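Chain residues, written in single-letter form:
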Amino acid sequence: MERRTLFIHVIVPLAVPQKYTYRVPTEWNDNICVGKRVLVQFGKTRIYTGIIHSLSEIPPKAYEAKYIEGILDDKPVVTEQQLTFWEWLAFYYCAAIGDVMNAALPSGLKLSSTSHIQLNSDFNFEESAPDFFSERELLIIDTLHQQPNLSIEEVSHLLHIKTVQPVIHSLLQKQAISIYEEVKEKFKPKLEVFYRLQENYENEAALQEILNTLEKKAFKQAEALLFYLHLYKTDKQQLQWVKRGDLTAKVEVSALNALVKKNILTEARFDIGRLHFEKADSNYNKSLTPAQLNCVDSITSQFTSKQCVLLHGVTGSGKTEVYIQLIRHHLQQSKQVVLLVPEIALTTQLITRLRAVFGELVGVYHSRFSENERVEIWNEVLKGQDSQYKIIIGARSCLFLPYSDLGLIIIDEEHDFSFKQHDPAPRYHARDAAIYLASRYNAKVLLGSATPSLESFHNCRLDKYGYVKLDQTFTQSGGTELEIVDLKHYEQTQDMKSSLTPPLFHAIEEALKNKEQIILFQNRRGFAPYTQCNKCAYVPHCIQCDVPLIYHKHTQKLTCHYCGYTINPLKTCTACGSTDLRFKGLGTEKIEEDMEVLFPTARIARMDLDSTRSKHAYKQLIDDFENRNIDILIGTQMVTKGLDFDHVTVVGILNADSLLNFPDFRSFERAFQLITQVRGRAGRKDKPGKVFVQTNQINHEVLQRIRKNEWEPFYNDQLSEREKFSYPPFSRLIEINIADKSVNDVNAMAHELALKLKTGFGNRLLGPEFPLVSKIRNLYYKRLIIKTEKNESPQKLRQFIQEQITDLYAENKAFKGRVIIDVDPV
């Protein structure tokens, strides 16, 4: 029987526009299928992990197909549903499918090659002239005579220089060495050592005899064996195997090794996994309020005719309990459930609550996990019906897991802008991507929020989404009162207590006296946003970005939050030499320091990016606050998002003006959502709460709407304004950024691209303009914004944009900058 010649279209993890075609050796034909990983050569030498997208018997016309280097899997690691999802993301968000693969696949599943050098066996080193090789080349050759190969990193370390390519290139030119690629597997299973009694000692007589012998000659070994027998008899779950870690709590490893050598114990290593979570609380039993029961019934009813339903539940209304009931319903139908949250911090409390109900059916997936942990969860979900995890909680990346029976996606705090990926590509919005993903599985989507996005609210008005309102708080005796405090007045009368107005200061005093807790919100981390010379007004800026350097007292550094550039604080002004340098503005570190002075007996903590960088820092902070080990919690927007604390009675927003005055058409919507969310952290249980909003604009429309709880008139006003100027949700936006090291090239290319795009979009094209921050990491940026009609063909639209960008590059070969497309920017 004649063997077919197969070709496969492979997705490689690179930003190339198309899939690449490879040839399959005929002996591997039977092992090839869509979704498996293959090793492929791309470029001259590099080896990459690719994903098989499709099979063909037609060779490519433009180039000769290379053979694949190997097949990595017995079964597919990516499903066909996932590949369809990847293609949609690449199309809709104008990204390369290789970028989608990079975002989707855990790095532990992506093998990469490392360049190695070895001596050329055909080269006669004895006959080479003494001065044929340089000293550095001789050092490499001498080392290669002692060991078979060196990686590029090892050569760099050996020569004590960073750039080793010229030396290696010289050796290659002289044919003294050859270079090859070594492929490394990134994922390593976690192995644990276990011990078991040898079979010939399982009968009582033989065991007693060996124990008697050991007690006379090797007492520590006898102790180790007795302790093993004690654990073996008491721990029925372990069966015959006992973990080394359990034994070494009381016995020495050397004694165990001796027992293995004497063939009394057998040693083996098993993959135990890295995923250990708390056990379920069997006593968990919460009954729903009538309002919550009606809400569950209404959502279930609307799911019969709508794919997506918006749950508009006020803060403290108990949306999580509604989620639990809906999850139960879908688990009974043997479906998988995904719960998306905007911040990793939120998963801590949600995991605790859901594990209390569903136990180890709950899996967690987010970027704080190590690459090995993420691979283990991926592999577990890939098992489908046999998977331990039926519920996955995580941030936006958990959309990429290989689901098989997806029934429900819950998007908590659906309004949150953290659901949008900014860099790198694909720049997708997790809420919108989740709705598409659910449609592929015929699954349902529940959007939950106390402050829905205008887009979702508008879709409910158009009857595209179902709508359910939950406006009763879970506990009727709590609640919050909001007070708008005039910053300008108290600054003029000089009655401020550092950053606190007298009403907020006295409220904190009273709360501390009553053993209650306080949350203070300031959406700026660090100690001071900038440093300024008091003589000439000079402000030190980042040398790579167009922003002032922020002072961090904890590290005693001036730091750029965009690129990480860091210097020591200035002792004298760079411009005039004055020593009168002052820290200006207010960051969370400064507030923390001030609170320690104002309330010396209070226990104070800070929750921002700087204080929560470690893997378990969020959980530790939240646990400490829940257990009342912290009196005052100071934080950035992390503290606004869905966290539930029983004893918080005072919340302070230290400067609302920074939220209200941001130059963006969404700034009022964001301010309304953020302040309402912060307000919801107080008075959640039996104790009433009070929220203080410090501002210079006490009559501002947004603040007055929040104070009067007039959410619907506010939304109507905003929608009317957006419709008038044709902004989302009445249009779609596509943002195009031109980035390059040369500001002149950026100006020229942005102008040229704008002329090209004008032919198709006319006055719907805005710009080009420099953004607020026009230089980041030594790249200048210039921005174009396209307003498109909602009913416009997405295919033709994207094709036209891509054609103009392709022409721009073709006509300007010297331009080495980037053109970055962001669909639906936020």
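Details of the structure are given in the entry above.
Residues numbered from 1 in each chain as written. Predicted model: local features only at pLDDT ≥ 70, side-chain atom pairs only at ≥ 80, totals over all residues. Heavy atoms only, no water.

### Overview of the overall build of the protein chain
- Helix and strand counts for the protein chain come out as 25 helices and 35 strands.
- In terms of overall size, the protein chain behaves like a compact globule, its C-alpha atoms giving a radius of gyration of 31 Å where 826 residues would be expected to give roughly 28 Å.
- Referenced to the eigenvectors of the C-alpha coordinate spread, the extents of the protein chain come out at roughly 85 × 80 × 70 Å.
- Per-residue burial for the protein chain yields a buried fraction of 52% across its 826 residues.
- Within the protein chain, contacts between residues at least 6 apart in sequence are counted, and of these 75% link residues at least 24 apart.
- In the form shown here, the protein chain has an accessible surface area of approximately 39,300 Å², with 48% of it arising from carbon and sulfur atoms.
- For the protein chain, the separation between the mean place of its 102 positive charges and that of its 101 negative charges on side chains is 2 Å. (Helix = DSSP H or I, 4+ residues; strand = E, 2+ residues; numbered from the N terminus. Rg over C-alpha atoms; globule rule 2.2 N^0.38 Å. Buried < 20%, exposed > 50% of the residue type's maximum accessible area, 1.4 Å probe, protein only. Contact = heavy atoms within 4.5 Å. Areas by Shrake-Rupley, 256 points an atom, 1.4 Å probe, with all protein chains shown as cover. Lys, Arg positive; Asp, Glu negative; His and termini not counted. Charge placed at Lys NZ, Arg CZ, Asp CG, Glu CD.)

### With respect to the sheet that holds strand β27 (residues 604-607)
- Here six strands make up an open sheet; going across it, the order is β20-β30-β29-β21-β28-β27 and the pairing parallel. Edge strands, defined here as strands with exactly one partner in the open sheet, are β20 (480-486) and β27. If you compare each strand with its neighbour and ignore which way they point, the axes differ by 15° on average.
- Pairing analysis gives four bridges linking strand β29 (residues 648-653) to strand β30 (residues 689-695), with the strands arranged parallel. Paired with isoleucine 653 across the strands is valine 693, a residue of β30. (Pairing = 2+ DSSP bridges. Axes fitted to C-alpha atoms, helices over the stretch in contact; angles between N-to-C directions.)

### Thoughts on the packing of helix α1 (residues 80-92) against helix α14 (residues 430-441)
- The contact between α1 and α14 brings their axes to 11 Å, and the two run at 145°. Crossing handedness for the pair α1 and α14: right-handed. Residues Gln81, Thr84, Phe85, Trp88 and Leu89 of α1 lie in contact with α14, whose contacting residues are Asp432, Ala433, Tyr436, Leu437, Arg440 and Tyr441. (Left-handed = near helix turned anticlockwise from the far one by under 90°.)

### Here we look at the pairing of strand β18 (residues 444-449)
- Of all the six residues making up β18, six are buried; the element is thus mostly covered by neighbouring parts of the structure.
- A two-sided burial pattern is seen for β18, the buried positions comprising Lys444, Leu446 and Gly448 on one face and Val445, Leu447 and Ser449 on the other.
- Alignment of strand β13 (residues 308-313) against β18, held across five bridges, turns out to be parallel. Among the inter-strand pairings, histidine 312 is bridged to a residue of β18, identified as serine 449.
- Examined bridge by bridge, strand β17 (residues 406-412) and β18 share five bridges and lie parallel to one another. Note on β18: the bridge partner recorded for isoleucine 410 is leucine 446.
- Handedness of the crossover is the feature at issue here: the chain leaves β17, passes through α14, returns alongside β18, and the resulting connection is right-handed. (Right-handed = clockwise from strand over helix to strand, strands pointing away.)

### Quick notes on the nonpolar core
- Counting residues in each nonpolar core, the largest one holds 105 residues, and the members touching the most others are Phe85, Trp86, Ile299, Leu354, Ile736 and Ile801.
- The dominant element in this core, judged by the number of residues it contributes, is α14, at eight residues.
- If we skip the residues at most four places from it in the chain, tryptophan 86 touches Ile11, Ile51, Val78, Ile97, Val100, Met101, Ala104, Leu105 and Phe400. (Core = buried A, V, L, I, M, F, W, Y, C linked by side-chain atoms within 4.5 Å.)

### As for the sheet that holds β13
- Ordered in space as β15-β16-β14-β17-β18-β13-β19, the seven strands form an open sheet in which the pairing is parallel. For this open sheet the edge positions go to β15 (362-365) and β19 (466-470), each flanked by a neighbour on one side alone. Averaged over neighbouring strand pairs, the angle between their axes works out to 20° when direction is ignored.
- Packing of helix α10 (residues 290-302) onto the sheet brings it into contact with β13, β18 and β19, and relative to β19 it is tilted by some 175°.
- Most of the contacts of helix α15 (residues 454-461) go to β13, to which it runs at about 115°, and overall it touches β13, β18 and β19.

### Considerations on the state of the cysteines
- In this structure the tally under the stated criterion is zero disulfides.
- Left unpaired, cysteine 308 is separated from the closest cysteine sulfur, that of cysteine 460, by 7.5 Å.
- The class for cysteine 308 is buried, based on a relative accessible area of 2%.
- Cysteine 398 forms no disulfide, and the closest cysteine sulfur to it belongs to cysteine 308, at a distance of 16 Å. (Disulfide = S-S within 2.5 Å.)

### Thoughts on the packing of aromatic side chains
- All told, the structure shown has 27 aromatic pairs when counted by the stated rule.
- Members of the aromatic cluster, connected to one another through ring pairs, are Phe85, Trp88, Tyr92, Tyr93, Phe400, Tyr428 and Tyr436.
- The side chain of lysine 787 reaches across the aromatic face of tyrosine 727, ending 3.8 Å from its centre.
- The side chain of arginine 798 reaches across the aromatic face of tyrosine 92, ending 4.6 Å from its centre. (Phe/Tyr/Trp six-rings, centres within 6.5 Å; stacked < 30°, edge-to-face > 60°. Lys NZ or Arg CZ within 6 Å of the ring centre and 35° of its normal.)

### A short note on helix α3 (residues 135-146)
- Taking 1.5 Å of rise per residue, 12 residues should cover 16 Å, and α3 covers 17 Å from first to last C-alpha, within 8% of that figure.
- When we look at burial in α3, the residues that qualify are Glu137, Ile140, Ile141, Thr143 and Leu144. Angular distribution of buried residues about the axis of α3 spans 165°; they occupy a single face of the element. Among the exposed residues of α3, those pointing more than 90 degrees away from its buried face are Glu135, His145 and Gln146. (Expected span 1.5 Å × (residues − 1). Arc of directions from axis to C-beta.)

### Considerations on the side chain of arginine 606
- Mapped onto the elements, arginine 606 comes out in strand β27.
- On the accessibility criterion, arginine 606 (12% relative accessible area) is buried.
- At 3.0 Å, the side chain of arginine 606 forms a polar contact with the side chain of aspartate 608.
- Those residues in contact with arginine 606 that lie beyond four places of it in its chain are Thr588, Glu589, Glu592, Ser611, Leu621, Leu633 and Ile634. (Polar contact = N/O pair within 3.5 Å; in protein donor to acceptor, adjacent residues only side chain to side chain.)

### Section: helix α21 (residues 667-679)
- Taking 1.5 Å per residue as the helical rise, α21 with its 13 residues ought to reach 18 Å, and the 18 Å between its terminal C-alpha atoms agrees with that figure.
- Burial within α21 is extensive, with 11 of its 13 residues counted as buried.

### A word on the pattern of salt bridges
- In the structure shown here, the tally under the stated rule is 29 salt bridges.
- As a salt-bridge pair, lysine 553 and glutamate 593 come within 2.3 Å of each other at their nearest N and O atoms. On the criterion of sequence distance, the pair formed by lysine 553 in the loop between β23 (550-552) and β24 (557-559) and glutamate 593 in helix α18 (residues 588-598) is long-range, its members being 40 residues apart.
- In this structure, glutamate 792 and arginine 764 form a salt bridge, with 2.8 Å as the shortest nitrogen-oxygen distance. In this pair, glutamate 792 is assigned in the loop between β34 (779-788) and α25 (794-811) and arginine 764 in the loop between α24 (743-761) and β32 (765-769), connecting sequence segments 28 residues apart.
- Overlapping salt bridges bring together Glu414, Arg431 and Asp432 as one network. (Salt bridge = Lys/Arg side-chain N within 4 Å of Asp/Glu carboxyl O.)

### Details of the packing of α1 against helix α2 (residues 97-104)
- Running from N to C, α1 and α2 point in directions that differ by 125°, and their axes come no closer than 9 Å. Classified by the interaxial angle, the pair formed by α1 and α2 is oblique. α2 is crossed by α1, and the crossing has right-handed handedness. Listed contacts from α2 to Trp86, Glu87, Leu89 and Ala90 of α1 are Ile97, Val100, Met101 and Ala104.
- Looking at side-chain class alone, the contact of α1 with α2 contains seven nonpolar, no polar and one charged residues. (Parallel < 35°, antiparallel > 145°, perpendicular 65-115°, else oblique. Nonpolar A, V, L, I, M, F, W, Y, C, P; charged D, E, K, R; others polar.)

### Brief notes about the environment of glycine 50
- Along the chain, glycine 50 falls in strand β4 (residues 47-56).
- Among residues more than four places away in sequence, those in contact with glycine 50 are Val10, Ile11, Lys36, Arg37, Val38 and Met101.

### Re unusual backbone geometry
- Proline 426 follows alanine 425 through a cis peptide bond whose omega is 0°.
- As for its position among the elements, proline 426 is in the loop between β17 and α14.
- Here the residue pair proline 728 and proline 729 is connected by a cis peptide bond, since its omega of 15° sits within 30 degrees of zero.
- Within the fold, proline 729 resides in the loop between α23 (711-724) and β31 (732-740).
- At aspartate 463, a residue that is not glycine, the phi angle is positive and equals roughly 70°.

### Some words on the pairing of β27
- In β27, alternate side chains face the same way, and those of Ile604 and Arg606 on one face and Ala605 and Met607 on the other are all buried.
- Here β27 runs beside strand β28 (residues 632-635); their pairing, made up of four bridges, is parallel. What sits directly across from arginine 606, in β28, is isoleucine 634.

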